[in-house]
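Structural overview for review
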Amino acid sequence: MSITNPPVGTVDSFATNQDLDPRRLRDAFGVFPSGVVAVAAQVEGRLVGLAASSFTSVGIEPPLVSFSIARASKTWPDLRRSAHVGVTILAEHHGAVCRQLAGDVDRRFDGVPVTVTDEGAVTLDEGIAAFDCTVYREVEAGDHTIVLLELHAVRYAADDPGSPLVFHRSGFGRVTVGA
């Protein structure tokens, strides 16, 4: 028995390190779709939050998730001061909310229904899943920080959670499940 790999489409030769300019990397990374989350907390009586498209589950024991944030972020230093942070998986109709969370700091939550826990975690009421978390660990990784969060509570609609907002090729889309 012989096993052969299927033919692969033609690809330009791999770029050398000198060819890895930021625009080329963003374009290459952008071919992989990712979900989008809101990370938010109440800090000194003020709602603080951001949108992240680098969210992923990490493990079950302990229950961990992660996201990456630019080390230049002015929002993360405030957010991380909260005892708890909320993570909300955004629904397909949240494109405008996602842009709002990336915009003017003082208007990020205007018109957005949220729930605030006693510990300060903020979650969006219309998200398809929400988590109450604490910072488990932060790992410096180049120009970003990988933030590991430990989960303390979860909320989602088990019967029909809806479809997530997807970030792909610098734009928003939705998941389509075929037969």
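Here's a quick rundown of the structure. (Residues numbered from 1 in each chain as written. Predicted model: local features only at pLDDT ≥ 70, side-chain atom pairs only at ≥ 80, totals over all residues. Heavy atoms only, no water.)

**Details of the pattern of salt bridges**
A side chain of one charge can pair with a side chain of the opposite charge if their charged atoms are brought near each other. Considering all chains together, one arrives at six salt bridges under this definition. Measuring nitrogen to oxygen at the nearest pair gives 3.5 Å for the salt bridge that ties Asp78 to Arg46. Of this pair, Asp78 sits in helix α2 (residues 76-79) while Arg46 sits in strand β3 (residues 46-52), and the two are 32 residues apart along the sequence. Three or more residues joined by partner-sharing salt bridges are found here, namely Glu44, Arg46, Asp78 and Arg81. (Salt bridge = Lys/Arg side-chain N within 4 Å of Asp/Glu carboxyl O. Helix = DSSP H or I, 4+ residues; strand = E, 2+ residues; numbered from the N terminus.)

**Structural notes on the nonpolar core**
Core analysis: the biggest nonpolar cluster contains 23 residues, and Phe67, Leu79 and Leu149 have the highest contact counts within it. Contributing elements (two or more residues each) for this core: β2 (37-43), β3, β5 (64-70), α2, β6 (85-89), β9 (129-141) and β10 (144-156). Ranked by the residues each element gives to this core, the list is headed by β2, at four residues. Not counting the four nearest positions on each side in its chain, Phe67 is found in contact with Val39, Leu50, Ala52, Ser54, Phe55, Trp76, Thr145, Ile146, Val147 and Leu149. Val36, Ala40, Cys98 and Leu101 belong to the second-largest nonpolar core, a separate cluster that totals 12 residues. (Core = buried A, V, L, I, M, F, W, Y, C linked by side-chain atoms within 4.5 Å. Buried < 20%, exposed > 50% of the residue type's maximum accessible area, 1.4 Å probe, protein only. Contact = heavy atoms within 4.5 Å.)

**Description of the side chain of Asp132**
Tracing the backbone through its elements, the reader meets Asp132 in strand β9. For Asp132, which is buried and forms no salt bridge, the nearest opposite charge comes from Arg155, at a distance of 9.0 Å. Within polar-contact distance, the side chain of Asp132 engages the side chain of His84 at 2.5 Å. (Lys, Arg positive; Asp, Glu negative; His and termini not counted. Polar contact = N/O pair within 3.5 Å; in protein donor to acceptor, adjacent residues only side chain to side chain.)

**Here we look at the sheet that holds β3**
Taken together, seven strands build an open sheet; the order of strands is β3-β2-β6-β9-β10-β5-β4 and the sheet is antiparallel. Looking along the sheet, the strands with just one partner apiece sit at the ends: β3 and β4 (56-59). Across the sheet, the mean angle from the axis of one strand to that of its neighbour is 35°, orientation sign disregarded. In terms of strand pairing, β2 meets β6 through four bridges, oriented antiparallel. Bridge assignment links Ala40 to a residue of β6, and that residue is Gly86. (Pairing = 2+ DSSP bridges. Axes fitted to C-alpha atoms, helices over the stretch in contact; angles between N-to-C directions.)

**Some points on the layout of surface pockets**
Estimates place the volume of the largest pocket at around 1,100 Å³. Along its surface, the largest pocket is lined by 31 residues, and Arg26, Ser53, Ser54, His144 and Phe167 are the ones closest to its centre. Going through the elements one at a time, α1 (22-29), β3, β5, α3 (95-101) and β11 (165-168) are the ones with two or more residues in the lining of the largest pocket. Ranked by the residues each element gives to the lining of the largest pocket, the list is headed by α1, at six residues. Its residues assigned to classes, the lining of the largest pocket shows 15 nonpolar, 10 polar and six charged. (1 Å grid on protein atoms, 1.4 Å probe; cavity = no way out; pocket = protein on both sides within 12 Å on 5 of 7 lines; lining within 4 Å. Points joined across faces, edges and corners; volume = space filled by probe spheres on them. Nonpolar A, V, L, I, M, F, W, Y, C, P; charged D, E, K, R; others polar.)

Bear in mind that shape data such as this cannot, by itself, settle questions of function.
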